[in-house]
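Working through the structure, step by step
Now for the letters of each chain:
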Amino acid sequence: MCYSVVETSDNSKTIYDERFKTNFHSINGAFQESKHIFIESAMGYYIDKQMKDNIKILEFGFGTGLNMLLTLDYAIRHNISIEYHSIEKFILNKEIIEKLSYCETLNLNQFEGFYFNIFNDFTNVNKYDESFIFKGYLTDFIEFSTNEKYDLIYFDAFGPTEHPEVWQKPFLNIIPKLMTENGILTTFSVKGSFRRDLKSLGLDVEKIPGPLGKREITRAIKKSG
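My aim in this report is to walk through the structure given alongside it, one point at a time. (Residues numbered from 1 in each chain as written. Predicted model: local features only at pLDDT ≥ 70, side-chain atom pairs only at ≥ 80, totals over all residues. Heavy atoms only, no water.)

**So, unusual backbone geometry**
In this model, lysine 169 is joined to proline 170 through a cis peptide bond whose omega is 10°. Even without being glycine, lysine 21 reaches a positive phi, approximately 55°. Here lysine 21 lies in the loop between β2 (13-17) and β3 (22-23). Of the residues examined, lysine 21 reaches a relative accessible area of 55% and is grouped as exposed. (Helix = DSSP H or I, 4+ residues; strand = E, 2+ residues; numbered from the N terminus. Buried < 20%, exposed > 50% of the residue type's maximum accessible area, 1.4 Å probe, protein only.)

Pasting the structure below:
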């Protein structure tokens with residue numbers, strides 16, 4: 001794989017992927033984008049609404065591991081237990097991960113060993129402590145199958161242009177089956193056909209304000225009852 005490290009506007013770095021000719025994160029800021037879309041608009045929103053301290057998360061697209069790292073930090077600071085599952089077909093190597101310097105830049109050096117170990121041993125169960133458990137699935141999204149249900153889905157695949165099959169039916173038919181009652185999916189894309197497909201599957205879908213440089217993002221909620 002051909003990757004290069006790119007600086008973004010909030011003093012964080014992302015990766016440019018030559019396969020798809022795109023960055024993993026917004027050049028307006030990798031940290032602020034991930035925090036806004038997945039930590040604030042998914043996890044924080046869900047906890048405020050449901051008042052739960054034990055949450056199960058599924059991520060489509062582990063990538064640089066930034067979403068996981070920010071989730072771990074949030075969970076430790078708020079005393080929340082997390083079971084975090086992530087799907088990724090191509091695991092980044094140690095050399096390029098080191099160049100991102102996420103733990104150092106975010107002042108999260110206490111998580112560095114755990115963070116790097118996930119890249120070394122992605123498919124085994126990794127525990128930061130008993131309250132944060134990580135499990136990786138080394139597979140294509142289309143091939144992923146499970147009977148598990150999740151409170152949150154971080155839908156962080158490459159965009160509809162680069163990876164169109166996961167932004168439409170029949171793939172999207174799996175999404176409601178993966179979600180608990182009142183479960184939430186968030187993603188950066190507001191593509192109309194994607195939102196209409198989620199609505200047709202019984203989810204409440206809304207466009208909400210996006211991070212810096214992006215006007216809106218999508219949040220979808222599985223109705224109760």
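**Topic: the environment of phenylalanine 38**
Tracing the backbone shows phenylalanine 38 in helix α1 (residues 30-50). Along the primary structure phenylalanine 38 and leucine 70 are separated by 32 residues, whereas in three dimensions their C-alpha atoms are 9.0 Å apart. Apart from residues lying up to four places away in sequence, phenylalanine 38 is in contact with Met43, Asn67, Tyr154, Phe155, Asp156, Thr186 and Thr187. (Contact = heavy atoms within 4.5 Å.)

**A word on the packing of aromatic side chains**
Tallied over the entire structure, the rule returns 25 aromatic pairs. One cation-aromatic arrangement involves lysine 56 over tyrosine 150; the distance from NZ or CZ to the ring centre is 5.7 Å. Above the ring of tyrosine 137, the side-chain terminus of lysine 135 is found at 5.9 Å from the ring centroid. (Phe/Tyr/Trp six-rings, centres within 6.5 Å; stacked < 30°, edge-to-face > 60°. Lys NZ or Arg CZ within 6 Å of the ring centre and 35° of its normal.)

Nothing here speaks to function; it is all geometry.
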